[in-house]
Amino acid sequence: MPGDELDPELDRVWKALSDSTRRSILDLLRQGPRTTTQIVDAFPHLSRFGVMKHIDVLREAGLIQTREERRQRINSLNVVPIRKIYERWVGRFEELWTSNLLRIKEDAEAKAFEGQVRVSERKPRK
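Residues numbered from 1 in each chain as written. Predicted model: local features only at pLDDT ≥ 70, side-chain atom pairs only at ≥ 80, totals over all residues. Heavy atoms only, no water.

A. Structural detail: the pattern of salt bridges. For the structure shown, the criterion picks out seven salt bridges. Between Arg30 and Asp27 there is a salt bridge, and its shortest N-O distance comes to 3.6 Å. Remark: Asp27 and Arg30 occur in helix 2 (residues 20-30); sequence separation between them is three residues, near one turn of the helix. On the basis of relative accessible area, Arg30 is assigned to the exposed category, the value being 64%. The class for Asp27 is partly exposed, based on a relative accessible area of 41%. (Salt bridge = Lys/Arg side-chain N within 4 Å of Asp/Glu carboxyl O. Helix = DSSP H or I, 4+ residues; strand = E, 2+ residues; numbered from the N terminus. Buried < 20%, exposed > 50% of the residue type's maximum accessible area, 1.4 Å probe, protein only.)

B. Quick peek at helix 2. Of all the positions in helix 2, only Thr21, Arg22, Ile25, Leu26, Leu28 and Leu29 are classed as buried. The buried residues of helix 2 occupy an angular sector of 155° when projected down its axis, which confines them to one face. Where helix 2 is buried, its residues touch helix 1 (8-17), strand 1 (34-35), helix 3 (36-41), helix 4 (48-60), strand 2 (64-69) and strand 3 (72-77). The backbone nitrogen of Thr21 has a side-chain oxygen 2.8 Å away, supplied by the residue at the start of helix 2, namely Asp19. The first or second residue beyond helix 2 is Gly32, which carries a positive phi of 145°. (Arc of directions from axis to C-beta. Contact = heavy atoms within 4.5 Å. Polar contact = N/O pair within 3.5 Å; in protein donor to acceptor, adjacent residues only side chain to side chain.)

C. Local environment of the pairing of strand 2. Strand direction decides the pairing type here: strand 2 and strand 3, joined by six bridges, are antiparallel. Bridging from a neighbouring strand, Thr66 pairs with Asn75 of strand 3. (Pairing = 2+ DSSP bridges.)

Shown next as structure tokens:
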């Protein structure tokens with residue numbers, strides 16, 4: 001919106017979300033934390049290196065948090081950046097959408113009521 005300052009943090013999130021493989025990784029992590037190996041195994045059509053690059057982009061955007069447990073890296077979804085996008089881009093339009101949908105509903109109900117009144121005003125034929 002005019003007057004809003006650019007947010008490099010959100011730009012990284014948008015860039016990360018622009019790739020379908022990265023969105024698929026996030027969908028996988030929505031089900032729960034996964035080791036890096038489990039994520040790599042979920043994408044057999046990609047090389048380990050390719051999946052690791054996608055994970056790095058998601059990590060840099062703050063969409064994935066990684067902790068080390070023994071010799072494994074456990075990756076989990078961080079929804080905070082997605083919430084920020086929602087608040088910045090979707091939340092601002094929510095009131096507009098709601099008022100427009102309410103107006104459409106009211107118009108449809110008014111037309112339906114008018115149609116019922118016209119039908120009931122007709123005189124029966126003899």
